[in-house]
Every structure is written in structure tokens, then in C-alpha cells.
Amino acid sequence: MKPDIVLAEVVSNTELASGIFLIKFEAPYLAETAYPGSFVMVQPDNGTDPLLRRPFTLSGVSGNMVEVLFKVKGRGTDIMSKWEPCRIVNILGPLGNGFSISVDIKNAYLVGGGMGIAPLLFLARYLVARDVDVKIFFGARSVSESITLEDLNLDRCDLYYSTEDGSKGYEGFITEQLNNILKSDSVNGFLNSSIFCCGPLKMSEKVSEYALSLNILCQVAIEEKMACGVGACLGCVTCTKGDKYKRVCVDGPIFINTDIVW
Ligand SMILES: Cc1cc2nc3c(=O)[nH]c(=O)nc-3n(C[C@H](O)[C@H](O)[C@H](O)COP(=O)(O)OP(=O)(O)OC[C@H]3O[C@@H](n4cnc5c(N)ncnc54)[C@H](O)[C@@H]3O)c2cc1C
Ligand code: FES
């Protein structure tokens, strides 16, 4: 089904951590058509200020509802943080290519840094429902700046945390913890395993290095500033391997690690 403009109703808007909100919308069309890794363009205000829609990954779907997990950054997200239940919001979606999920997949390593965890929440629930063994690696600077995943309906996923200050989980970068687990899992080999990654580019590059060295398929979500979200404005163009220019909104936002120019 094609992306469409829908009028979605805010069901709840909860601050999970300082400046980080989980918003649930009643939006039957989006709930039916969304796929892991897809995103939506949300209009922060009914007027023209701010003019542009803002891109957000869908972090979950349940029944007629879709979820967006977002962090307050500037004017648009500040407006969104004040939305109350019953508010009607104009949303375009679902957009983007989404994660490519092999029918043979058995083991998935999901690696999220900061707000990069958002698309992986949807993906994790989708994979668990298909009996895939899911390990989630979630890195943050400090527990005080971050959400925790325990209350987010991630049953049957193994959760690994790291914080740079050691306030939760492993002290250091999440890539180090991923590396440790990959080493111990390597005794069983990585047939039918995949890595899915979203977060700061440096983190994703490191994850990609591990994936290449162990011959594990790896997909990476990329962020670019977006104006239209549908391939028309060329505002989100990025250069991929072989000097190929791609629009992140329609050719991505998910790319195979070997296609990315780091
Ligand atoms: C495909 C995609 C999915 C995203 N998913 C999430 C998510 O699930 N949760 C979340 O918290 N954030 C997500 N972001 C980032 C989010 O779009 C920005 O934080 C948000 O647009 C900031 O808007 P603002 O008005 O508050 O900030 P401002 O800085 O005032 O925004 C000004 C302009 O810059 C654009 N912009 C600013 N920062 C970004 C950014 N990092 N990426 C893209 N455009 C940006 C805005 O859309 C707007 O047009 C995603 C970005 C992309 C491209
Ligand atoms: S945001 Fe307009 S082409 Fe991608």
C-alpha cells in the first residue's frame, strides 16, 4: 500500500526520560501498512510555522495504534512534546524502504545508540513474533539521559546496556559489548544471523567493521535532514559506494553496510 496523509489522534504522550517522549497515535491506515524501519513525516503544527514536516521512525505498532519515540531537539519536537490526548495530527507515511528481513533469519543482533534505538524496538517485536532469537544492544551516555527498555514490551529479547559513565550496564561503548558477545557466539557460527544498526555514524561504522570481519549481514539506518520525505526535493541525498547518489528518504533510510561511504 502507498504512503498517504492521515489524520491521526494522539492517544497518549508520555515522557519516558528527560526530554524523551513516547507518543501513541490512533492511526489505522498506518498501523496496517507500517513495516520495521519505515518512517513518517509529522506536521508539528496546523499552520505554517514550522513549515516543514519532521521525520520520525515508527517505533511500534499495536492494534490500530502506531508509536513514535522522540527526543526534543528544536522547535518541532518541542511542540510535539506538548501534545495532549485527542489532538488530531497530520502525518504522511509510511515511508522509506524499511529493513530487509530474510525468511531464514534465526539470530538478530540489534545495535542502537541513543535515539537510534527507536526503529529497533519495532523490529525486535516483529522478529520475536517470528521466533527469531533477538539480542538488543543499547548504548547511551548515561542512564540519567536515557530511556530504559524493560517496560517497552520487549519480552523474549536479551537486553545489553552500556553507558559511557558506567551508570547502567557495561561501562564503555556499546560496540565493545557487541564485540564481546559476537566473540562468544562465534563458536556456533553466524549462519542465518544478521546485524541491524541505528545510531551515530561512528558507532555504525564500528559495527559494520565487526560484521565484515565475521561475515555477518549488516543493515544500517541512516539519518539525513529531510524536507519532503518522498524523493522530490533531493534534500536528503547521500553518496554511496561507486559514487552513486541516493535519496535517503526513498532509497533508504536503511542501507547495506557495504554500500555506505563512512
Ligand atoms: C528517517 C529519520 C527518522 C528519524 N527518526 C527519529 C526518531 O524516531 N526519534 C527521534 O527523536 N528523532 C528521529 N529523527 C530525527 C528527527 O527528525 C529530528 O530530531 C527532528 O526533525 C528535529 O526537529 P526539530 O524541529 O525539533 O529541530 P530543528 O533543529 O529545529 O529542526 C529544523 C529542521 O532540521 C530537520 N532536522 C533536525 N535534526 C534532524 C535530524 N537529526 N535528522 C533529520 N532532520 C533533522 C528538521 O526536520 C527540520 O526540518 C529521524 C530523522 C530521520 C531522517
Ligand atoms: S527528503 Fe526530499 S528527496 Fe528526500
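Residues numbered from 1 in each chain as written. Chains lettered and ligands numbered in written order. Predicted model: local features only at pLDDT ≥ 70, side-chain atom pairs only at ≥ 80, totals over all residues. Heavy atoms only, no water.

A.B. asks: Is there a simple way to think about the domain arrangement of the chain in this case?
C.D. replies: In many reports, interface size means the accessible area that the parts give up when they come together. Taken domain by domain, the chain consists of domain 1 (4-95) and domain 2 (107-221). Tallying the contact residues gives 16 residues for domain 1 and 13 residues for domain 2. Roughly 1,200 Å² of surface becomes buried between domain 1 and domain 2 when both sides are summed, with 78% attributable to carbon and sulfur atoms. For domain 1, the biggest contributors to the area lost against domain 2 are P36, S59 and L69; these three give 41% of the whole. There are zero salt bridges connecting domain 1 and domain 2. Across the domain 1-domain 2 interface, the total number found is two residue pairs in polar contact (both at pLDDT 80 or more). (Domains from an automatic or database assignment. Contact = heavy atoms within 4.5 Å. Buried area = accessible area lost by both parts, 1.4 Å probe. Salt bridge = Lys/Arg side-chain N within 4 Å of Asp/Glu carboxyl O. Polar contact = N/O pair within 3.5 Å; in protein donor to acceptor, adjacent residues only side chain to side chain.)

A.B. asks: In this structure, what is going on with helix 5 (residues 201-214)? I would like to understand it.
C.D. replies: The periodicity of an α-helix, 3.6 residues per turn, causes residues three or four positions apart to be oriented the same way. With 14 residues, helix 5 should reach 20 Å at 1.5 Å per residue; the first-to-last C-alpha distance of 20 Å fits that figure. Listed in full, the buried residues belonging to helix 5 are M203, S204, V207, S208, Y210 and A211. For helix 5, the angular spread of buried residues about the axis comes to 160 degrees, placing them on one side. Pointing more than 90 degrees away from the buried face of helix 5 are the exposed residues K202, L212 and S213. Buried residues along helix 5 sit against strand 8 (107-113), helix 4 (174-185), strand 12 (193-198) and strand 13 (217-221). N215 sits one or two positions beyond helix 5 and adopts a positive phi of about 60 degrees. (Helix = DSSP H or I, 4+ residues; strand = E, 2+ residues; numbered from the N terminus. Expected span 1.5 Å × (residues − 1). Buried < 20%, exposed > 50% of the residue type's maximum accessible area, 1.4 Å probe, protein only. Arc of directions from axis to C-beta.)

A.B. asks: Sorry if this is basic, but what is going on with the site of ligand 1 here?
C.D. replies: Contacts to ligand 1 come from 20 residues, most closely from R54, P55, G76, T77 and E223. Interatomic distance of 2.9 Å between a backbone N/O atom of K71 and an oxygen atom of ligand 1. When ligand 1 is considered free in solution it has 820 Å² of accessible area, and contact with the protein chains removes 84% of it. When residues of the shell around ligand 1 are traced back to their parent elements, those giving at least two are strand 4 (54-57), strand 6 (65-71) and helix 2 (75-81). The element that contributes the greatest number of residues to the shell around ligand 1 is strand 4, accounting for four residues. Of the residues in the shell around ligand 1, the class split is nine nonpolar, four polar and seven charged. (Near = heavy atom within 4 Å. Areas by Shrake-Rupley, 256 points an atom, 1.4 Å probe, with all protein chains shown as cover. Nonpolar A, V, L, I, M, F, W, Y, C, P; charged D, E, K, R; others polar.)

A.B. asks: Quick question: what am I supposed to make of the packing of helix 4 against helix 5 here?
C.D. replies: Between two packed helices, what matters for the description is the angle formed by their axes and the separation of those axes. It is at 10 Å that the axes of helix 4 and helix 5 come closest, and there the two elements cross at 15 degrees. Compared by their axis directions, helix 4 and helix 5 come out roughly parallel. Helix 5 is crossed by helix 4, and the crossing has right-handed handedness. Between helix 4, through I174, T175, L178, N179 and L182, and helix 5, the contact on the second element is made entirely by M203, K206, V207, Y210 and L214. (Axes fitted to C-alpha atoms, helices over the stretch in contact; angles between N-to-C directions. Parallel < 35°, antiparallel > 145°, perpendicular 65-115°, else oblique. Left-handed = near helix turned anticlockwise from the far one by under 90°.)

A.B. asks: Looking at this structure, I do not really get the sheet that holds strand 9 (residues 133-140). What am I missing?
C.D. replies: Strands pair in a sheet through their backbones, by hydrogen bonds, and they do so in one of two ways: parallel or antiparallel. Read from one edge of the open sheet, seven strands run 11-10-9-8-12-13-16, paired in mixed fashion. Of all the strands in the sheet, the pair left with one neighbour each is strand 11 (170-171) and strand 16 (254-256). Sheet topology note: the strand 8/strand 9 ladder contains seven bridges and is parallel. Bridged to A108 within strand 9 is V134. In the packing of helix 3 (residues 117-128) onto the sheet, contacts are made with strand 8, strand 9, strand 10 (157-163) and strand 12, and the angle to strand 8 comes to roughly 160 degrees. In the packing of helix 4 onto the sheet, the strands contacted are strand 8, strand 9, strand 10, strand 11 and strand 12, and the crossing angle to strand 9 comes to about 155 degrees. (Pairing = 2+ DSSP bridges.)

A.B. asks: When you look at the nonpolar core in this model, what are you seeing that I'm missing?
C.D. replies: The tendency in soluble globular proteins is for nonpolar side chains to be buried side by side. L110 and L149 are the most contacted members of the largest nonpolar core, which has 30 residues in total. Within the residue set of this core, elements represented by two or more residues are strand 2 (20-26), strand 8, helix 3, strand 9, strand 10 and strand 12. Top element by residues in this core is helix 3. It accounts for eight residues. Filtering out sequence-adjacent residues up to four positions away, L110 remains in contact with L120, L123, A124, L127, V134, K135, I136, F137 and F196. Counting residues in each nonpolar core, the second largest holds 29 residues, with F39, F190, V220 and V248 among its members. (Core = buried A, V, L, I, M, F, W, Y, C linked by side-chain atoms within 4.5 Å.)

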